[in-house]
Amino acid sequence: MSVYYITQSQCILVSGKTYPYREVLRNLGGQYQAQDKSWLLPLNDESLQKIEELCRTIGGGPQKVARPAPAPAPASAPPPRAAAAAAAAIPNETLVSDAGFEPVTSLHGEGLTIAELMQKLQLAISHSFPRSLWVMGEIQNFRQTATGSYFQLADFKEGASRSATMTVNATIWRSQWLDMERKLGRDTLKELMADGLRVRMLVDISLFKDRGQISLQVQGIDPTFTKGSLALAREKLLRELRTKGLDQKNKQLPWPAFPLRIGLISADESRAKSDFLDQLLVYGFPGQVLFFPAQMQGENTLRDVVSGIQALEARHCDMIVITRGGGSAADLRWFDSPEIAYSITAARVPIVAAIGHHEDVCVAEEISARREKTPTAAADFCVHLLQKTRERIEQLSLVMSRSMDERVRLQTQILQNLKARLHLGTKQLTHQHESHLQTVRNELQMRSERRLMQWTTQTQNLRQNLFQRLQFLLREQTNRRQRLSQDLHHRALTALLPKRYEIEDQKRALGSMMRETLQQQREKILHLEKLLIQSDPQPWMAQGWTQLFAEGRKLDRADQLEPGMHVRARLIDALLELKLESLTRLDPNKSAIKKESSL
Amino acid sequence: MKESQSYQKMLEEVEGLVRDIAAPDLDLDVMVQKVERGYELIRSMKLRLEETKTRIDQLHQRYDESEAGT
């Protein structure tokens, strides 16, 4: 796919595969020339720069205008369409020489016969294309017979349907085929000559006058062009997928840990299918394989593979394997198609592509989650997934066990540390509390003591003041008392002086009276002494008389006596204790004795 | 947690009492009441601390015993 341009005095003429870039060209102010299939752009630096950049990106470049020349276009000549477009845009410049033509004139004034026309056309063609030339197109309806190979070369109109093609018949005669086989090799030639392939062929142009058809006689083929074309299409598709971020989409899907439901897309009764299944059987694959028969070569490949992917995905396969038993590059080109590529990118399960081409990797393999070279290898991979999962489980089990042990050990250590910290922390905390409590207690004690001391000092001061005050008052009172006492004494002395005099008088009077009284008493005593002397019983007792006493009284009358009474009788030298036993009263007149009682 | 708060409240009360005692116009009888209350609280708090220490030591010992057992 290339774009060519021609710079003219006031415009740029762009031709080639311009359809995908029509918006770019339109934005540059281009106008599409339908009859020439080219774009006319205003000439300016920006447009020129953009066009050159476009050509560098996708291929192509400045197109030299073909000058009138007798020789046909060389092998490296630009594509005919571009040349034609250039020629169409420049009326004065023609692609081929019309030197062999004569003005069309009627022989009989009625025009040419078909034979004449054919002859002139054949002549014109031979003049225009005196040598073989390279043409490019896609092979269609290829068939081989004993005499030769027959097909059409086609160009597709850009953006139009596939049926809108321009075709021309082409033939490779058997002798030429054999010659090409010798040059290129049988396999290579067979790979190149297949429907759908775009080829570059060296051809001679001839006209079948009977049918009025142009036919190309193939003289040679450029194998690098076809491969390059395939590669270009492949690269374009890959670039497109990368741009859309789809090339890694299937690769990013996770592989199933247990691929026990595998979808298989392959040709029925093919070796690839049997190899795949046999290999699974060898390993004793425990799962299930859902087979979707598909044509793995030819145009139906696209339809079958796309349908297979969708169908197997709908049946909840864990993964899908697309495999075939190898083949030529031409056989495998179907797997470079956008249809299969987009189907793979849209798949929600990982796809293993074992298309079987060892040298080049087709797009389907490129964007699939995994590429395997053979169906057997694909089966190995499926089994490997299971094995890997088993190993992973065992490994994880081991890791988990170790991890748990380590975790338990770590947690135990953490617990020990926490315990120590807890113990230490609580000790420290309680110690802090104790210290604080002690501080508070000391503070309380100190403040209360200080307070008490203040109060004590205050009280002592008060007491001292009070004492001093009392001392003062006492002294005051003492002094006052002394003064009063002195005053009183003085006053008393003053007041008592007359009394003293009076007392002195009375004292003297009393003395006098005392003396008188004493004298009187003395005289009384003397009188009494006399009386006593007169009453002394001694002389009487000496005469035998006695005196009775009872209870300190002298008894001299009978009335003072009672029978049984104890009485005392005094003698001159003795004192008698007597008991009255009988009493006889005496009649004073008769002096008779009357006994009152007997004792 | 409740005991801790109670301890904290007691501590705050004691600290308040200590502050109150420094007041210049404090009555002697009131001061005596406050000092009594302060010493009562301090005694309770010391008791609480002792109980806590004992409890912690017991827990520690019990843990060590269980560790030794395992």
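Counting starts from 1 at the beginning of each chain's written sequence and moves along it residue by residue. Lettering for chains starts from A, numbering for ligands starts from 1, and both go in the order in which the items are written. Only residues with pLDDT of at least 70 are given local features in this predicted model, and only at 80 or more are side-chain atom pairs given and counted; all residues enter the totals for whole chains, interfaces and linings.

Let's shift gears to the overall build of chain B. The number of helices and strands found in chain B is 2 helices and 0 strands. In chain B, which comprises 70 residues, the share counted as buried stands at 14%. Helix and strand assignments come from DSSP, with helices taken as H or I runs of at least 4 residues and strands as E runs of at least 2, each series counted from the N terminus. Any residue with 12 or fewer other C-beta atoms within 10 Å of its own C-beta is exposed, any with 20 or more is buried, and the rest are partly exposed; the C-beta atoms used are placed from the backbone.

Let us now look at the overall build of chain A. Scanning chain A from terminus to terminus reveals 14 helices and 21 strands. Every one of the 599 residues in chain A was classed for burial, and the buried ones make up 21%. Counting contacts in chain A only where the partners sit at least 6 residues apart, residues at least 24 apart contribute 62% of the total. Two residues qualify as a contact pair if the distance between their C-beta atoms, derived from the backbone, is within 7 Å.

Residue and element names in this part refer to chain A. Here strand S16 (residues 547–550) runs beside strand S18 (residues 566–570); their pairing, made up of 3 bridges, is antiparallel. Its bridge partner lying in S18, Phe-549 is registered against Arg-568. Here, a strand pair is defined by DSSP locating no fewer than two bridges between the strands. Note: S16 against strand S17 (residues 553–555), 3 bridges, orientation antiparallel. Note on S17: the bridge partner recorded for Phe-549 is Lys-554.

Below, the discussion takes up helix H13 (residues 375–535) of chain A. Residues and elements named next belong to chain A. For H13, with 161 residues, the first-to-last C-alpha span of 193 Å runs short of the 240 Å given by 1.5 Å per residue. Where H13 bends most, the angle comes to about 40°, and this point is Leu-497, followed within four residues by the proline Pro-498. Burial analysis of H13 places just 11 of its 161 residues in the buried class, a small minority of the element. What a helix should span is 1.5 Å times the count of its residues minus one. In this analysis the local bend is the angle between axes fitted, respectively, to the seven residues ending at and the seven residues starting at the residue.

A word on the interface of chain A and chain B. The interface of chain A with chain B comprises 15 residues on the first partner and 19 residues on the second. Gly falls in the polar group here, along with every residue not listed as nonpolar (Ala, Val, Leu, Ile, Met, Phe, Trp, Tyr, Cys, Pro) or charged (Asp, Glu, Lys, Arg). In terms of residue class, the side of chain A that touches chain B is built from 4 nonpolar, 5 polar and 6 charged.

Take the confidence of the model for chain A next. Mean pLDDT for chain A: 80, with 87% of residues reaching 70 or above. The pLDDT value tells you how sure the predictor is about a given residue, anywhere from 0 up to 100. Predicted confidence for residues 65–108 of chain A stays below pLDDT 50, and this span has 55 contacts to residues more than four positions away or in other chains.

Here we take up the pairing of strand S9 (residues 198–208) of chain A. Residues and elements named next belong to chain A. Inspection of the sheet shows strand S6 (residues 133–144) paired to S9 by 6 bridges, in the antiparallel sense. Paired with Glu-138 across the strands is Arg-198, a residue of S9. By the bridge criterion, 8 bridges tie S9 to strand S10 (residues 213–221) in an arrangement that is antiparallel. When the bridges of S10 are listed, Asp-204 appears paired with Gln-217. If you look at the hairpin formed by S9 and S10, you'll find 4 residues sitting between the two strands, and Gly-212 has a positive phi there, around 70°.

Moving on to the sheet that holds S17(A). Residues and elements named next belong to chain A. Pairing is antiparallel across the open sheet formed by 4 strands, whose spatial order is S17-S16-S18-S19. This sheet does not close on itself; its edge strands, each paired only once, are S17 and strand S19 (575–579). Pairs of neighbouring strands in the sheet enclose a mean axial angle of 40°, with direction left out of account. The convention used is that axes are lines fitted to C-alpha atoms, helices contributing only their stretch in contact, and that angles between N-to-C directions extend from 0 to 180 degrees.

Further remarks concern the sheet that holds strand S12 (residues 288–293) of chain A. Residues and elements named next belong to chain A. An order of S12-S11-S13-S14-S15 is seen for the 5 strands of this open sheet, with the pairing classed as parallel. Lying at the two open borders of the sheet, with one neighbouring strand each, are S12 and strand S15 (370–371). Of the pairings in the sheet, the one linking strand S14 (residues 351–354) to S15 comprises 2 bridges and is parallel in character. Within the sheet, the bridge partner assigned to Ala-353 lies in S15 and is Arg-371.

Glycine aside, residues mostly have negative phi, and peptide bonds are mostly found in the trans state. All names here are of chain A. Unlike most non-glycine residues, His-316 shows phi in positive territory, near 60°. Within the fold, His-316 resides in the loop between helix H9 (300–314) and strand S13 (319–323). Residue class for His-316 comes out exposed when judged on the 10 C-beta atoms lying within 10 Å of it.

Residues and elements named next belong to chain A. Inspection of the secondary structure puts Gly-228 in helix H7 (residues 223–244). Residue Gly-228 is classed as partly exposed on the basis of its C-beta count, with 14 C-beta atoms lying within 10 Å. C-alpha of Gly-228 to C-alpha of Val-199: the two residues are 29 residues apart in sequence and 9.7 Å apart in space.

To continue, consider the packing of H9(A) against helix H11 (residues 338–346) of chain A. To describe two helices that pack against each other, one gives the angle between their axes and the distance between the axes. Residues and elements named next belong to chain A. The interhelical angle for the contact between H9 and H11, taken along N-to-C directions, is 5°, at an axis separation of 9 Å. Compared by their axis directions, H9 and H11 come out roughly parallel. Residues Leu-302, Val-305, Val-306 and Ile-309 of H9 form the contact with H11, whose participating residues are Glu-339, Ile-340, Ser-343 and Ile-344. Considering only residue class, the contact of H9 with H11 consists of 6 nonpolar, 1 polar and 1 charged. Under this scheme an angle from 65 to 115 degrees is roughly perpendicular, one under 35 degrees roughly parallel, and one over 145 degrees roughly antiparallel; angles in between are oblique.

A few words now on the environment of Thr147(A). All names here are of chain A. Along the chain, the position of Thr-147 falls in the loop between S6 and strand S7 (148–156). Taking the C-alpha atoms as reference points, Thr-147 and Trp-173, separated by 26 residues in sequence, lie 6.2 Å from one another. Discounting chain neighbours no more than four positions away, the residues touching Thr-147 are Trp-173 and Arg-174.

Before going further, it helps to examine the packing of helix H8 (residues 271–283) of chain A against H13(A). Residue and element names in this part refer to chain A. Packing of H8 against H13 leaves a shortest axis separation of 8 Å and a crossing angle of 35°. Crossing handedness for the pair H8 and H13: right-handed. Between H8, through Ala-272, Asp-275, Phe-276, Gln-279, Leu-280 and Tyr-283, and H13, the contact on the second element is made entirely by Pro-375, Thr-376, Ala-378, Ala-379, Asp-380, Cys-382 and Val-383. Split into classes, the residues belonging to the contact of H8 with H13 amount to 9 nonpolar, 2 polar and 2 charged. It is the rotation of the near helix from the far one that decides the hand of a crossing: anticlockwise by less than a right angle makes it left-handed, clockwise makes it right-handed.

Ile320(A), Val321(A), Ile322(A) and Ala364(A) are the most contacted members of the largest nonpolar core, which has 41 residues in total. Beyond its immediate chain neighbours, meaning those up to four positions away, Ile320(A) contacts Gly263(A), Ile265(A), Ile309(A), Leu312(A), Ala347(A), Val349(A) and Ile351(A). Each nonpolar core consists of buried Ala, Val, Leu, Ile, Met, Phe, Trp, Tyr and Cys residues. Their C-beta atoms, within 7 Å, join them into a set.

Below, the discussion takes up H7(A). Relative to the 32 Å expected for 22 residues at 1.5 Å per residue, H7(A) spans 31 Å between its end C-alpha atoms, a close match to the ideal helical length. Where H7(A) terminates, the next one or two residues include Gly245(A), which has phi positive at roughly 75°.

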